[in-house]
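Coordinate inspection notes
So the chains spell out like this:
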Amino acid sequence: TEAKLREEQLSSLSKLLHKVNEELEERVKQRTLKLEQAITSLNREINERTSAEEKLKLSAMVFENASEGVIVTSCEGLIQYVNPSFSKITGYNREEVIGRNPGMLRSDQHDKAFYANMWRALRENGEWKGELWNRHKNGELYIIRQSINAIKDSTGKTIQYGSVFQDITGLKKSEEDVQYHAYHDLLTGLPNRALFIDRLKGAIARNSRDNQRFALLFVDIDDFKKVNDNFGHSAGDLLIKGVGMRLTTCVRETDTVSRYAGDEFLIIAENISNAQSVVSIAEKIIESFSESFLYRGQAFEATVSIGIAIYPTDGETDEQLVKNADMAMYNVKNLNKNNYSFFTKSMNEEATRRFAMERRMREALDKNEFIVYYQPKVSLSKGRITSLEALVRWRSDGSLISPAAFIPLAEETGLIVEIGAYVMRSACRQLKAWQDKGHKDLSVSVNIAARQLDEGGLLDMVRSALEETGLAPESLCLEVTESAIMKEMDMALTILRELKTLGVKISLDDFGTGYSSLSHVRKFPLDELKIDRLFIVNIPTDPGDTAMTTTIISMAQNLKLKVVAEGVETDEQLEFLRSTGCDEIQGFYFSPPVPPDEIDRMFTDGMARPVVIKEQSNENECPRP
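Below is a summary of the structure that appears in this document. Small disclaimer: the values here were computed from a predicted structure and weren't measured. (Residues numbered from 1 in each chain as written. Predicted model: local features only at pLDDT ≥ 70, side-chain atom pairs only at ≥ 80, totals over all residues. Heavy atoms only, no water.)

**Quick notes on the overall build of the protein chain**
Tallying secondary structure elements over the protein chain gives 22 helices and 21 strands in all. Rg of the C-alpha trace for the protein chain: 46 Å, well past the compact-globule value of 25 Å for 625 residues, more than 25% over. Viewed in the frame of its principal axes, the protein chain has a C-alpha envelope of about 190 × 85 × 45 Å. Looking at the protein chain as a whole, 43% of its 625 residues are labelled buried. Expressed as a percentage of contacts within the protein chain between residues at least 6 apart in sequence, the contacts between residues at least 24 apart total 61%. Accessible area of the protein chain: about 34500 Å², with a carbon and sulfur share of 51%. Computing the positive centroid from 78 side-chain charges and the negative centroid from 95, the protein chain places the two 4 Å apart. (Helix = DSSP H or I, 4+ residues; strand = E, 2+ residues; numbered from the N terminus. Rg over C-alpha atoms; globule rule 2.2 N^0.38 Å. Buried < 20%, exposed > 50% of the residue type's maximum accessible area, 1.4 Å probe, protein only. Contact = heavy atoms within 4.5 Å. Areas by Shrake-Rupley, 256 points an atom, 1.4 Å probe, with all protein chains shown as cover. Lys, Arg positive; Asp, Glu negative; His and termini not counted. Charge placed at Lys NZ, Arg CZ, Asp CG, Glu CD.)

Structure below.
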C-alpha cells in the first residue's frame, strides 16, 4: 500500500512537472516571438532612419549644387540657410547673410504695395511666385523669378519659409533685344514702320479723346539716288544714319521720328498750338541740313523736302494722314525741293505768308526800313515829360506795318535780336541829342525781348550802344516783361545783375499779368514797376482792378521803386493814379507813340494835354510849378 501510494504521488508529480514544463515552453515561445517582433521593428526603424538620412543628404547635395538660389528663413524672417548659388547670384557669402533679413537685397524698385501683396499671398495661400528686382552686393540691379513657400509642422503652424529663385536678367535682356529689333530700324535705330503706325494710331486715339491736334511730317531726302550713284551704297547708308540723327535733334523728346522706308522719314509732333509751331520744326530741320555731310574726307550736300498733314483737318486715320503728308511732300519736290509744304491749303497759305514776312523783315533790316517812335512818360509831380519809351515801327512802301503783324514773328525767328540792337542804338543816339539840346534829366526806356535774354550778348550790345553814343548809363532804362524773366529766372537774374553793373536802370513791364510775387520782385535788381494797362482801363469803376492797382503802388513805394502806369486815357484814371501816389503816367491821354520830330514839338509847344498839378497843403508834396 505504501508503495502504491508513493507510485501515485510520483505519477501526480510527474504530471505536474510536465504541465509546468509545457507552460514554461509556451511562455518562452511567446517571449521569443515578442523579441523577434521587437527586433524586426527595430530593424525597420533603423532602415527608415537610414533612408531618411540618405534622403536628407541627397536633398542637401541637390540644394548645394543647384543652379538656382535657395534660401531658408525662420518664421520671423531671419535667414537660416543659403546655398552657393545664392552667393553667386547676390554677391553675398553665407556668413554675411545668416541671421539677417532678406530685405537687405531690396532694390527700391518696388513700392510697399508690392511687398504687402506678397506677404498676403504667403499668409493666405502658403506660397508666392513672381518676378522682382534685387540689388547685388556691388550695387547693380538684377531681376529674378522667385518662388516662396511656407514650411509647416504637423499641426499646420508655419515654422520656416523656403525660397528658390533664378537670375533672369540675361533672359530679359534677350527678350528686350528681340522686341527692340522687331520694332526698330537696324540701320538708324529709329522706330520702324510697324512701331510708327502703332504710335500714330495711339496719337490719333489720344488727340481724338482730348480734342487736340498734332502734326505728321513726311521727310524725304532730295536726290538720294545720286548719292548712291556717285558715292556708293555705303555712303547712302551713312547719309540715312546722319539724317536720322539730325532729325532727332530737331524735335522734342516727346515726338516720334521714324525711318518709314528707304530714304523716307516720318515725324509725329504732338501738342501743337498753331501752324507756326509746326513751321518752326520744319524750318529747324531744313536749317540743320545747311551743314555738309562728310564721307571718307569728302564733303557733299544733302537737303530734304517736307510734307505736313494736321490731324484731324487733313485726315482722321493713319492711312489718310500718311497719304496726305506724302502728297504735300511731293508738292515740294515738284516745286523747288529743300522746303516744306502743308497739305491744307489755308495753313499752307498762312505759312507762305509768314515766310514771305520773314524774308521782308530781313530785307527791311538791310534797307533801314525800321524806325523808332517814342511815347512820353509824364511825371505827376513835375507835370512834364521826364522819360520816353522807344518803340519800333516798320515803314514799307510809304506805309506803317502794325507791330502786331511782325513783332511776334520776329521773336519766333530770332530777328528780334538784330531789330532790338538797332532800336537800342537809335534810342541812345536820339536821347543824347535831346539831352544836348538842354533836356538834361530826360531818360529813355527800351524794351528787351525774351529772345535777347535767352541768346546772350545783351550785355555787350547795351555797353556798345552806350559807348557809341556817349549816353550816360543812368539815362537808359531797360524794360523786361514778367514772362521773359520768369521763363529762366536764374539766368535772367544773372543777366540783369550784370546790366546793373553798367549803371542802367531796370523796369519790370506788364506787372501783375504774369507770375511775379513780392519775393520775386525783391530778388531782382529793379528800379521801376510798370502797371499793365489791363488794370488801368477799368479804374476807378472796377473794384478789383482799383484794389490791385492800389496794392501794386503801395508795394512799390515800400520797396522804393518808381511806379509807371501805362494805358492812361481818361481824367478819372489820371486823378485816381495821382491820389494813390503813382510816379509817372503813360498813355493816349497825353500822346500815342510818335516820331522824334513830334517829341521836339512837344518840348517846344507843350504836351497836347498838360498835367495840372494841384496845390497841396502838405509840405512834402510837390508844389505848383
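On we go from here.
**Notes on the sheet that holds strand β8 (residues 264-269)**
Read from one edge to the other, the open sheet built from five strands follows the order β7-β8-β6-β11-β12, with strand pairing classed as mixed. On the outer flanks of this sheet lie β7 (256-261) and β12 (340-342), each paired with one strand and no other. On average, each strand axis in the sheet is inclined to that of its neighbour by 20 degrees, with strand direction left out of account. Sheet analysis places strand β6 (residues 214-221) next to β8, joined by six bridges and oriented antiparallel. If you follow Phe218 over to β8, its bridge partner there is Leu266. Sitting on the sheet, helix α8 (residues 233-249) is in contact with β6, β7 and β8, with an inclination near 10 degrees to β8. (Pairing = 2+ DSSP bridges. Axes fitted to C-alpha atoms, helices over the stretch in contact; angles between N-to-C directions.)

**Quick word on the environment of Arg353**
Position of Arg353 among the secondary structure elements: in helix α11 (residues 345-367). Judged by relative accessible area, Arg353 falls into the partly exposed class, the value being 41%. Separated by 153 residues in the primary sequence, Arg353 and Ile506 have C-alpha atoms spaced 36 Å apart.

**Notes on the pattern of salt bridges**
Inspection of the entire model under this criterion finds 27 salt bridges. With its nearest N and O atoms 2.9 Å apart, the salt bridge here joins Asp255 to Arg252. Given a relative accessible area of 35%, Arg252 falls into the partly exposed group. Put simply, Asp436 and Lys432 hold a salt bridge, and the shortest N to O gap is 2.9 Å. Placement of the pair is Asp436 and Lys432 together in helix α13 (residues 415-436), with a separation of four residues, close to one helical turn. Within this structure, Lys377, Glu389, Glu479, Glu528, Lys530, Lys562, Glu566 and Glu584 form a network of salt bridges that share partners. (Salt bridge = Lys/Arg side-chain N within 4 Å of Asp/Glu carboxyl O.)

**A short note on the packing of aromatic side chains**
Applying the stated criterion to the full structure yields 15 aromatic pairs. Residues Phe289 and Phe293 carry aromatic rings whose centres are separated by 6.1 Å and whose planes lie at 40 degrees to one another, so their mutual orientation is tilted. Phe289 gets classed as buried once you look at its relative accessible area, which sits at 4%. Ring centres of Phe370 and Phe406 lie 5.7 Å apart, and the angle between their planes is 50 degrees; on these two criteria the pair is classed as tilted. Of the two residues, Phe370 sits in strand β13 (residues 370-379) while Phe406 sits in helix α12 (residues 403-413), which places them 36 residues apart along the sequence. The two residues Phe370 and Phe406 agree in class, both being buried. Here Arg246 stacks its cationic end above the ring of Phe289, 5.8 Å away from the centre of that ring. Above the ring of Phe293, the side-chain terminus of Arg246 is found at 3.8 Å from the ring centroid. (Phe/Tyr/Trp six-rings, centres within 6.5 Å; stacked < 30°, edge-to-face > 60°. Lys NZ or Arg CZ within 6 Å of the ring centre and 35° of its normal.)

Function cannot be inferred from these measures alone, as they are strictly geometric.
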